[in-house]
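# Summary of structural features
Chain by chain, the residues run as shown.
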Amino acid sequence: MSMAGEIPAVSGDTTWITCEPTAVRSLGVYIHYPFCVRKCAYCDFLSAPGDDAARKAYLEALIREIRGQKSLFEESVIRSVFIGGGTPSLMEPDEFAELASALRGTAGDWEADAEWTIEANPGTVTQDKARCWREQGVNRVSMGMQASQDRLLRRIGRIHVMEDVRQSVRILREAGFDNLNLDLMMGLPDQSREDWQETLREALALEPTHLSCYSLIVEDGTPLKNMVESGQMLLPDEDTEREMYADTIRILDAAGYKQYEISNFAEPGRESRHNLSYWDLSEYIGLGLGASSYLDGRRIKNTSDLRQYIKEEHPERLAVVEETLNRQDRMSEWMFLGLRKTAGVSDTDFKEMFGQSFDEIYPEQIAKLLWDGLLERKAGRLCLTRRGLDLANIVFEAFV
Amino acid sequence: MIQKNIRNFSIIAHIDHGKSTLADRIIEKTGLLTQREMQDQVLDNMELERERGITIKAQAVRLIYHAKDGQEYIFNLIDTPGHVDFNYEVSRSLAACEGALLVVDSTQGVEAQTLANCYLALDHNLEILPVINKIDLISADPDRVKQEIEDIIGLDTEKAPLISAKTGQNIDEVLEKIVECLPPPEGDPDAPLQALIFDSLYDSYRGVIVFIRVKEGRIRKGMRIRLMAAGKEYDVVEAGYMGAGTLMPSEEGLSAGEVGYFTASIKEVSHTRVGDTVTDAARPAAEPLPGYKEVQPMVYCGMYPADGSHYPDLRDALEKLKLNDASLHFEAETSKALGFGFRCGFLGLLHMEIIEERLDREFNLDLITTAPGVVYRVYKTNGEMIELSNPADLPDAGEISYMEEPMVKAEIMLPTEYIGTIMKLCQDRRGVYVSTEYVENTRAILHYRMPLNEIIYDFFDALKSRSRGYASLDYELESYERSSLVRLDMLINREPVDALSFIVHESKAYERGRRIAERLKDEIPRHLFEIPIQAAIGGKVIARETVKAMRKDVLAKCYGGDITRKKKLLEKQKEGKKRMRQFGEVEIPQAAFMSVLKFDEDDKT
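About the thresholds
Residues numbered from 1 in each chain as written. Chains lettered and ligands numbered in written order. Predicted model: local features only at pLDDT ≥ 70, side-chain atom pairs only at ≥ 80, totals over all residues. Heavy atoms only, no water. Helix = DSSP H or I, 4+ residues; strand = E, 2+ residues; numbered from the N terminus. Buried < 20%, exposed > 50% of the residue type's maximum accessible area, 1.4 Å probe, protein only. Contact = heavy atoms within 4.5 Å. Core = buried A, V, L, I, M, F, W, Y, C linked by side-chain atoms within 4.5 Å. Domains from an automatic or database assignment. Pairing = 2+ DSSP bridges. Phe/Tyr/Trp six-rings, centres within 6.5 Å; stacked < 30°, edge-to-face > 60°. Lys NZ or Arg CZ within 6 Å of the ring centre and 35° of its normal. Salt bridge = Lys/Arg side-chain N within 4 Å of Asp/Glu carboxyl O.

We now examine the overall build of chain B. Scanning chain B from terminus to terminus reveals 14 helices and 32 strands. Across the 605 residues in chain B, those meeting the buried criterion constitute 57%. Long-range contacts, defined here as pairs at least 24 residues apart, represent 70% of the contacts in chain B between residues at least 6 apart.

Rendered as structure tokens:
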């Protein structure tokens, strides 16, 4: 691959200027809260129940890490904050206030329409908490509803029932939240297509602004995996699961939610800014146990060892640089992350970024995927076809 | 050394009955090795052999024993391979001995293989000393086993030592009995040289090391010798004995009755065939020793590097293995599906598996092997006969007058309760019943004539699984017989895949074709389009399956911002696809080629 055109090689002079020095960096912030009431059967995220002492110590360490990033925050403008887990809604109002004020006290500027999301699980939301979130600046709540049938919720080890979801949404509305996401899961054990359609209808009845509909992935090492392998749980077959996905697109579209990514749907203008930053190769910093960052072209990951995380006095020692992206890596990621979005990738943007057309860089891959009917061109953009949404990995692999 | 103080013997035993352990104890007790030098199993020097518990190449070791009569004896312990594939090699090792120890596991009893080797030993007029092993185990029943040896083989067990090779119990008695019961060699040291080759080994410094038993005359350094069957002459560079793992050259050389080795800058083991006679070029023996035969491969398969660019590595590896294994045959061939590879010939299935494993382990080669087949004789309408080892070479039906397949004489030893089940199995595999021999109340030997291609397909596994491991098998090639054979072709996406074709009896074709189609359906991953899989004979489709088009391949989850993890998953998936063979538009995983070889038993029950 030719590097010509990107970097002017000046003989005898090692001071190259590759781009204008950015005055301010636009930053996404992810904060991980690893504790939960009980681990769900399918969950392979870094999470576990924790006692009061562990929670307290973790919060201290987290605040220490946030403050340790002062210089980064000072040169940045915050675009979005996402507090995920685990179950961040487990935090008591005073705990949350402490965390939020540490963040606000450390952060420099915020974009005017900055998005601040907290992940909440039904059954853990109270009026006090909701009011506290609101006061501290949170403007979006993402609720793990998953399914509307209590028998399915029990089956996958959730702690809540459908009535808790309704109750939590009521509380959030009363506290003034108008921007709500609901997480739903299809392909659950014993879930029928009718169950799924009902789940979608029940979710819509709660009038969220955004819906994330994920396919269940049976991950190694989860109790679910054992139960599926031993035959204790029966998953819907692939055809049924794909019909559920097709139902999702159809039903949500009819209800005015536009699909903007493989698993994400939103009312116009309510697409999650934080989610988009992952797919747009925007910069973000991950704070907390096992959190990932993308900064200065490097993919960085914090330790996954809770004890180490809590003990470490020097937050800078928590992180390991997993890879430093070169031009080729960045092009590859630009393609396979960007193509997750239904809008796809724009050749104009690609040229601006890399100085060449993606058709020059990936001629064979693109031709084959167009031929196979997995990609299509729309007004200078390349995007997944409807079939490409089902078979997206084949598309992504071509660019990896 | 005077002849009357030499004992040349082998140990014969069924796998796992303790042959190698007893050999270790004998070597230890004769004091030739210090404790430190002792590896667990000295004779089994290849890692692979140790893991499988099988001795592949015969070797010999010279031991010094101070007997209770105050005299010093030389024991030449000649190891024998313990598997039916190496029957001929066993027979040559036995021909180098006067006696044999028959080791029988006192918890198990006599097995078909023990019996076969025992008969071989009796055929060579060897004196057999039974040794009852594993008496330290709770389940040991030495009296029953002794009775069995007397009833089945007809050997006197009165003098049989009861031992535990593992704990070393009663090994001294074995040593004394060797002196007492096994005869010393005979032969005239002044007669013209006649030495039997029972093994050879390629060494990159010395050339081939030839293991011999001198029957008549003597051999020494500087002598010009002739290999009578090979018709080659060489000058002896070195002659001597085998110590434990080392060669000990001797100035006097070897004379009648002795066992040892010689080297003569020989470049290929194929010149020093097992069973050939070494004689003095200046004063040759009138005739060679009896029993030489040229070993022909019985089983063939195609071997291809999984990664086509490793073809030269595979060629080099096969050439290296061939240096030490005269019975391995190979020639280059090309498959439309698999590219460049080799058609390889083996003594039997085990021999094939050993070569496969060595290529994997010692040469790190990832291989695709095609279904093993036997050599068929194809008689053409124009009177010509061809020996067919590659199904792809089968002439058009119009040119074939008739075909013949190899038949073997099979002996299956088993507990009587399994007779019904195993007779059914033999019948399923086109066996022709010959007779049943009851060896005692609870055991019998079934005699069958069976097509070799049924045996190599999955007979061993089926036999073991249906008798819970109790039945054992021995077979030897008997004759060629006219048979209704057809070539079964597998079509993937309407294209025949040559590497999946094989020759099968007409009566089996439908069932086999259906099953392979089912397996291929499971092994071939879903593609973007639907893939028909068909089994066909001469263009006529007899079975069909379909690999449905892929509907889902997407990582829906977002893993927080952990893009690295996501990328790794994609890379892993992509890597998996690289290991597949592109055949037209279809990617066929390596496992699909192997699935043709898989054991049928699961489907049957």
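What follows covers the nonpolar core. All names here are of chain A. Residues F96, W133, L211, M335 and F399 are the most contacted members of the largest nonpolar core, which totals 110 residues. Among the elements that take part in this core, helix α1 (residues 52-68) stands out by supplying seven residues, more than any other. Counting contributing residues, this core receives three or more from each of domain 1 (5-279) and domain 2 (347-398). Excluding anything up to four places from it in sequence, W133 contacts S89, F96, I118, A120, V125, V138, V141, L172 and F177.

This part is about the pairing of strand β26 (residues 485-492) of chain B. Residue and element names in this part refer to chain B. Along β26, seven of the eight residues are buried, which leaves the element largely enclosed by surrounding structure. Pairing analysis gives five bridges linking β26 to strand β29 (residues 531-537), with the strands arranged antiparallel. Counted as the bridge partner of L491 is Q534 from β29. Judged from the two bridges that link them, β26 and strand β27 (residues 495-496) form a sheet pairing that is antiparallel. Paired with L491 across the bridge in β27 is P496.

A separate point is the packing of aromatic side chains. All names here are of chain A. Overall, the coordinates contain 21 aromatic pairs over all chains when judged by the stated rule. Measuring from centroid to centroid gives 5.4 Å for Y33 and F35, while their planes differ by 75°, and the two rings are edge-to-face. Neither Y33 nor F35 differs from the other in exposure class; each is buried. With 6.2 Å between their ring centres and 75° between their planes, Y33 and Y58 make a pair best called edge-to-face. Here Y33, found in strand β1 (residues 25-33), pairs with Y58, found in helix α1; they are 25 residues apart in sequence, far enough to count as distant. Comparing Y33 with Y58, the two get one shared label, buried. Directly above the aromatic system of F177 lies the positively charged group of R134, at a separation of 5.1 Å from the ring centroid. Lying across the ring of Y294, R299 places its NZ or CZ 4.2 Å from the centre.

A few words now on the pattern of salt bridges. Taken as a whole and assessed by the stated rule, the structure comprises 71 salt bridges over all chains. Residues R25 of chain A and E75 of chain A are paired through a salt bridge, measuring 2.9 Å at the closest nitrogen-oxygen approach. Here E75 of chain A lies in the loop between α2 (70-74) and β2 (76-85) and R25 of chain A lies in strand β1, a separation of 50 residues in the sequence. By relative accessible area, which is 38% here, E75 of chain A ends up partly exposed. For R155 of chain A, the salt bridge is made with D190 of chain A, and the minimal N-O distance between the two is 2.5 Å. You can see R155 of chain A sitting in helix α5 (residues 150-155) and its partner D190 of chain A sitting in the loop between β5 (180-186) and α7 (193-205), a full 35 residues away along the chain. Residue classification places D190 of chain A among the partly exposed positions, given a relative accessible area of 36%. Here the salt bridges share partners, and the residues they tie into one network are E241, R242, R386 and D390 of chain A together with K552 of chain B.

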